[in-house]
Amino acid sequence: MASDDEQSESRRPQDTKFKQQRLPAWQPVLTATNVLPFMFAIGLAFIPLGVAFLITSNQVQEIMVDYTHCKSQDDPSLTCAEYLANSNNTGGSCFCEVTFTLPTNFTAPVFIYYSLTNYYQNHRRYVKSRDNDQLRGKKISSSDCQDPFLKVENYSGTGRDYTYAPCGAIANSFFNDTLKIYLNDSEVKLLNTGIAWSTDRSTKYKNPPGDDFAKAFNNTLKPRNWQKPVYDLDPSNVHNTGYENEDLMVWMRTAALPTFRKLYRRVDTSNGFQGSLPAGNYTLRVTYQYPTVQFNGGKRMVISTVSWLGGKNPFLGIAYLVVGSLCIVIGFVFLIIHLKIGKSASTLSSEISSRTPY
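Residues numbered from 1 in each chain as written. Predicted model: local features only at pLDDT ≥ 70, side-chain atom pairs only at ≥ 80, totals over all residues. Heavy atoms only, no water.

Give a description of the state of the cysteines that names residues and reports values.
Across all of its chains, the model carries three disulfides by this definition. Here cysteine 70 engages in a disulfide with cysteine 96; their sulfurs sit 2.0 Å apart. Handedness of the cysteine 70-cysteine 96 disulfide follows from its S-S torsion of about -60°: it is left-handed. Note that cysteine 70 is positioned in the loop between β1 (62-66) and α3 (80-85) and cysteine 96 in strand β2 (residues 94-102), a separation of 26 residues in sequence. You can call cysteine 70 buried: its relative accessible area is 6%. (Disulfide = S-S within 2.5 Å. Helix = DSSP H or I, 4+ residues; strand = E, 2+ residues; numbered from the N terminus. Buried < 20%, exposed > 50% of the residue type's maximum accessible area, 1.4 Å probe, protein only.)

Below is the structure:
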């Protein structure tokens, strides 16, 4: 018996306020007098913020040009989408033009985006299909890239395996249309640098060591759907080619929704445009290489300015307005109920006794 008492006594928590749950506690009593001011305060704060966000979003200038079914310049009876849908033209290029008008001057900075629709980059296997060590210029060890996007075994009978550079489904589906904009037959200068995240440029993407890119990428192959190897993505700029190419960095950041846009170029408004992209009639000239109609997708070019909130997106302002309005309406409903059938705090306190359930 003594041993049983000692064993049960050893399991007993120590006699402290914490272990015996005797710490002082405070439980808020939610009454009309403290809840209603809180509801009205939220409503009065959110509605002006929502109006400000909505006005700021509406001040962003934006125009969208759909070129999914633009007519081929070589054969006007054929769209470029139909041209690429022909299996004989797989990997080929189609050239088309689309005219559009800017109604007003677009104040700098002005950005060019490409937008894809019905394109699911958020599929789990697609998102994982990449090798971060390879993109940092290191050798592939255990890769998330899987065949058929990883390597070619016994390439051309050499007995060696050649790895795709870069490997994976994301890189293999790299967007490769070329977009150029002309105003009165004069090409608008577009900048292909400064479009990727600074952390991507400084940390996540590095080329293999070596000054000769062809040798640095030796024993590698271009992805199956690419027209040129990775070290030729931007031959005019050695700091923007290979894995350090900013177009590649932008594409490798997968989108969460099936309709998305990615930054393509920055408009150089410092040369002849006096800080803005002038109003007028423009021509979009496309080197059409990226097929989308097979999965009922679409392609668009977007020209947009930005504000301190970012691009054009009225959702934040609408969300603040809806929440603020609901708080005001609910607050008035509760106020009417309280005035008609509610009890005062003194009445409630007088009804509380030692027999009142907790």
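Once you've had a look at it, read on.
Mind laying out the packing of aromatic side chains, listing which residues take part and the relevant values?
Going through the model one piece at a time under the given rule, you end up with 18 aromatic pairs. With centroids separated by 5.1 Å and ring planes inclined at 80°, the aromatic side chains of phenylalanine 217 and tyrosine 243 adopt a geometry described as edge-to-face. Of the two residues, phenylalanine 217 sits in the loop between α8 (213-216) and β10 (220-221) while tyrosine 243 sits in the loop between β10 and α9 (246-252), which places them 26 residues apart along the sequence. Taking the relative accessible area as the measure of exposure, phenylalanine 217 reaches 3% and is therefore buried. (Phe/Tyr/Trp six-rings, centres within 6.5 Å; stacked < 30°, edge-to-face > 60°.)

Any details on the sheet that holds β2? Residues and values, ideally.
Strands pair in a sheet through their backbones, by hydrogen bonds, and they do so in one of two ways: parallel or antiparallel. If you walk across this open sheet you meet the four strands as β2-β13-β7-β8, and the pairing is antiparallel. Of all the strands in the sheet, the pair left with one neighbour each is β2 and β8 (186-187). Summarising the sheet, β2 and strand β13 (residues 280-288) pair through nine bridges and their orientation is antiparallel. Its bridge partner being in β13, glutamate 97 is matched across the sheet by arginine 285. (Pairing = 2+ DSSP bridges.)

Go over a nonpolar patch on the surface, please, and point to the residues and values.
Where nonpolar side chains cluster on the molecular surface, the patch consists of Ile318, Val322, Leu326, Val329, Ile330, Val333, Phe334, Ile337 and Ile341 and spans about 790 Å² of accessible area. Of the residues examined, phenylalanine 334 reaches a relative accessible area of 41% and is grouped as partly exposed. (Patch = residues over 30% accessible without salt bridge, like charges linked within 9 Å, V, L, I, M, F, W, Y side chains within 5 Å. Areas by Shrake-Rupley, 256 points an atom, 1.4 Å probe, with all protein chains shown as cover. Salt bridge = Lys/Arg side-chain N within 4 Å of Asp/Glu carboxyl O.)

Give a description of helix α10 (residues 315-341) that names residues and reports values.
With 27 residues, α10 should reach 39 Å at 1.5 Å per residue; the first-to-last C-alpha distance of 38 Å fits that figure. Inspection of α10 places Gly317, Gly324, Cys327, Ile328 and Gly331 among the buried residues, and these make up the whole buried set. On its buried face, α10 is in contact with α2 (32-58). (Expected span 1.5 Å × (residues − 1). Contact = heavy atoms within 4.5 Å.)

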